[in-house]
Amino acid sequence: MNLIAKPSKENFKTYVPIGLFLISLSILDVFVNAFFNFNLMAFLPSQLSYFLPLILGFIGFYLIRIEFSGVHSLDILNKNINSNNFNALLTLLTIFIIIKSIPPMLDWFILEANFIGNSKDDCTGDGACWVFIKVWFNRFMYGLYPDAEQWRINTAFLILFAVVGVSFFVSEKFKKYFVLFLVFVFPFLGIKLISGGSFGLEYVESAAWGGLSLTFIISAFAILFCFPIGVILALGRRSSLPAIKYISIGFIELWRGVPLITVLFMSAVMFPMFLPDGTFIDKLIRVLIAITLFEAAYMAEVVRGGLQALPKGQYEAAKSLGMGYWRMNALIILPQALKLVIPGIANTLLALVKDTPLIFVVGLMELAGMIGLAKTNPKWLGMAMEGYVFAGLVFWIICYAMSRYSQNLEKKLSTER
Amino acid sequence: MGKIIELKKVNKWFDKFQVLKDIDLEVAPQEKIVICGPSGSGKSTLIRCINRLEEHQEGNIVVDGTELSESTKNIEKIRAEVGMVFQQFNLFPHLSILDNCTLAPIWVKKLPKKEAEELAMKNLTRVQIDDQALKFPGQLSGGQQQRAAIARALCMEPKIMLFDEPTSALDPEMIKEVLDVMVDLAKGGMTMIVVTHEMGFAKEVADYMIFMDEGKIVEKAKTKEFFENPKSDRTKLFLSQIL
């Protein structure tokens, strides 16, 4: 009868080894099954052998569920993944699913994938055809930008990374010059370098720009401009002057109410119709303005959330010290409000980066757009999976980096206890 | 002696509700006035009208020779000369105590940074929290925060100080350290208007006592007379309840 007694401290010495053994056995069974396609329990009737790992693991988890066992790691294990029968079941299923899904993923991504060669015919394995990415890599990075001129894009981004990198190591005193350079000088310098047309550089029209570099260019410019416009709109919406207030509300609600794809389409197709004959604004610039204003409307609402979260006393204290509207906002209100809404700002900027592929509607092709183009090339049909997995990975890296940066910023600026 | 603050027939409404009714008040330089009265009687609104955190609808308010009106330039000039201390301290939580004190002198009075810092340290020493200068407001106790707020107001070298229930949000044992600073300030000759229920403090420093109820000044009297021989029944009732 002793064996069926409820697990407790008294039978710790017998139950825990048996329990752990059963759990290991069940995991081993699934593991061997998944990786070596061999069924340890094949001698049993097929239905029983199918469910056996689950049953064994379940009994094992029941046996080790000893409250206040006195062993710290066991207590933590029980508390987190084995608190009752249902949780034990969920734990087992999760472990099995993870083990089961590793081999096919590994096969597709690496073991059966093709890395060598330079045409679709070289992809003979069952896994991914990374040759596709390798052959098209240059296009995915630079779009249709002429090969001979690509050093200009590289130089622009190298300068950017160098300046940003160095700015992390210089003292606070010089940091502001780096920031001023990055915000007011570099964007125009970089664009001039990439577009050319002067200083002996060959002119490259913006229709030829593309790939990941275009993703970066559009994101960077949109972020740079949508942020200040959003802040001004947010302040405008809370203004006591009715004209400014209602213009801001109208602007925000108009842009927020329209899908980005519509805005982009109108900027490229309808907007030129309203321009007087002979005037011409580059398509990329029109698209940039459209994305900037669209995201600025969202930014405005995020910032307004922060403004509203500040106690009225902060405004009164600033006013009572003789500060006017602009000084009050620049020195007291915005530093606090923006700090409060860093998660929201990061959210909006991440969404902005991930919205850039939509510019395909006007014929501009950044990373995802170039992949879309490459996969319809007759020589490379059927490569959509590889292409979009690659695009997803690249976007994930960019967005995760931004997300981490925003978390660091939040931590750095926190002055609470 | 000339008057530094003059209010004539001041009326104010919040929507339909009248909060100030025909307020007349004159304050001479270096005078200390304590305003008391039940909650909702308009005490806070009255002193907030003096630096125009609230706008009055009727009557005139003249502060240091400048009439308060719609024009913005005047308002900022007045506010720079009138220091205010709030019930909730309202320190700027994103700045250190020292930066709290130097911000307005640097940006409003255009003082060089070094001078502003010397001034700030002088005033922080005066309120005895110079050792906390580099901490952030969130790291200080309530009493220390309120003293920092007083120092911040003093850094603008105001001619008048307004106190809006400065000790009401404090733990009892911290009230004294704030009142001590205020007494010291009063003895230094500052013009002060204080809304408070601390009658001990009022007896010690006030030249005049004002009792308000339902938006009206019910009684204005010399401090001694106010406590020993109040005229109106409403004042007597109030005093009997809080003393």
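The following paragraphs examine the structure supplied in this document. (Residues numbered from 1 in each chain as written. Chains lettered and ligands numbered in written order. Predicted model: local features only at pLDDT ≥ 70, side-chain atom pairs only at ≥ 80, totals over all residues. Heavy atoms only, no water.)

Some thoughts on the pairing of strand β10 (residues 216-222) of chain B
Residue and element names in this part refer to chain B. Rule in force here: Pairing between strands is defined by DSSP: at least two bridges between the two strands are required. A run of H or I in DSSP counts as a helix once it spans at least four residues, and a run of E counts as a strand once it spans at least two, with each numbered from the N terminus.
With six bridges joining them, strand β9 (residues 208-213) and β10 adopt antiparallel strand pairing. When the bridges of β10 are listed, D213 appears paired with K216. Connecting the antiparallel pair β9 and β10 is a turn made up of two residues, with E214 showing a positive phi of about 50 degrees.

Here's the deal with the pattern of salt bridges
Quick note on the threshold: Note on definitions: salt bridges are taken to be side-chain nitrogens of Lys or Arg within 4 Å of carboxyl oxygens of Asp or Glu. Throughout, exposure labels follow a simple rule: accessible area from a 1.4 Å probe, protein chains only, divided by the maximum for the residue type, with under 20% read as buried, over 50% as exposed, and the rest as partly exposed.
For the coordinates displayed, the defined rule picks out 23 salt bridges over all chains. Across the pair E301(A) and R237(A) runs a salt bridge, and its minimum N-O distance is 2.9 Å. Taken as a pair, E301(A) in helix α11 (residues 283-309) and R237(A) in helix α8 (residues 211-237) lie far apart in primary sequence, 64 residues in all. For the pair E301(A) and R237(A), one class covers both residues: buried. Here R52(B) ties to E55(B) by a salt bridge, and the two come within 4.0 Å at their closest N and O atoms. Salt bridges sharing partners connect three or more residues here, namely R237(A), E253(A), R256(A), E301(A) and R304(A).

Structural notes on the sheet that holds strand β4 (residues 58-63) of chain B
Residue and element names in this part refer to chain B. The condition is simple: In this analysis, two residues are considered to be in contact whenever any of their non-hydrogen atoms come within 4.5 Å of each other. Axis definition: a line fitted to C-alpha atoms, over the contacting stretch in the case of helices. Angles run 0 to 180 degrees between N-to-C directions.
Pairing in this open sheet of four strands is antiparallel, and the strands run β2-β1-β4-β5 from one edge to the other. The two strands at the open ends of the sheet, each matched to only one other strand, are β2 (17-27) and β5 (66-67). The strands touched by helix α1 (residues 43-50) are β1 (5-14), β2 and β4; relative to β1, the strand with the most contacts, the crossing angle is about 120 degrees.

Things to note about the packing of α11(A) against helix α14 (residues 342-355) of chain A
Residues and elements named next belong to chain A. Note the following rule: For this classification, under 35 degrees means roughly parallel, over 145 means roughly antiparallel, 65 to 115 means roughly perpendicular, and everything else is oblique. Here a crossing is called left-handed whenever its near helix is offset anticlockwise from the far helix by less than a right angle, and right-handed whenever the offset is clockwise.
Closest axis-to-axis distance for the α11/α14 pair is 9 Å, and the angle between their directions is 160 degrees. By the angle class used here, α11 and α14 are roughly antiparallel. Of the two elements, α11 crosses α14, and the hand of that crossing is right-handed. Here I291, E295, Y298, M299 and V302 of α11 lie close against α14, whose contacting residues are G344, I345, T348, L349, L352 and D355.

Some thoughts on the interface of chain A and chain B
For clarity, the cut-off: The term polar contact refers here to a pair of N or O atoms within 3.5 Å; inside protein, the definition further demands a hydrogen-donor-capable atom paired with an acceptor-capable atom, and it admits residues adjacent in sequence only when both atoms are side-chain atoms.
Contact residues are listed per partner, giving 21 residues for chain A and 25 residues for chain B. In this structure, the connection of chain A to chain B is made through one salt bridge. Between R48(B) and E316(A) there is a salt bridge, with the nearest N and O atoms lying 2.5 Å from each other. Inspection of the region where chain A meets chain B yields six residue pairs in polar contact (both at pLDDT 80 or more). If you list the elements that add at least two residues to the side of chain A that touches chain B, you get α12 (312-320) and α13 (325-340) of chain A. No other element matches the eight residues that α12(A) contributes to the side of chain A that touches chain B.

Don't take any of this as a statement about function, it's just geometry.
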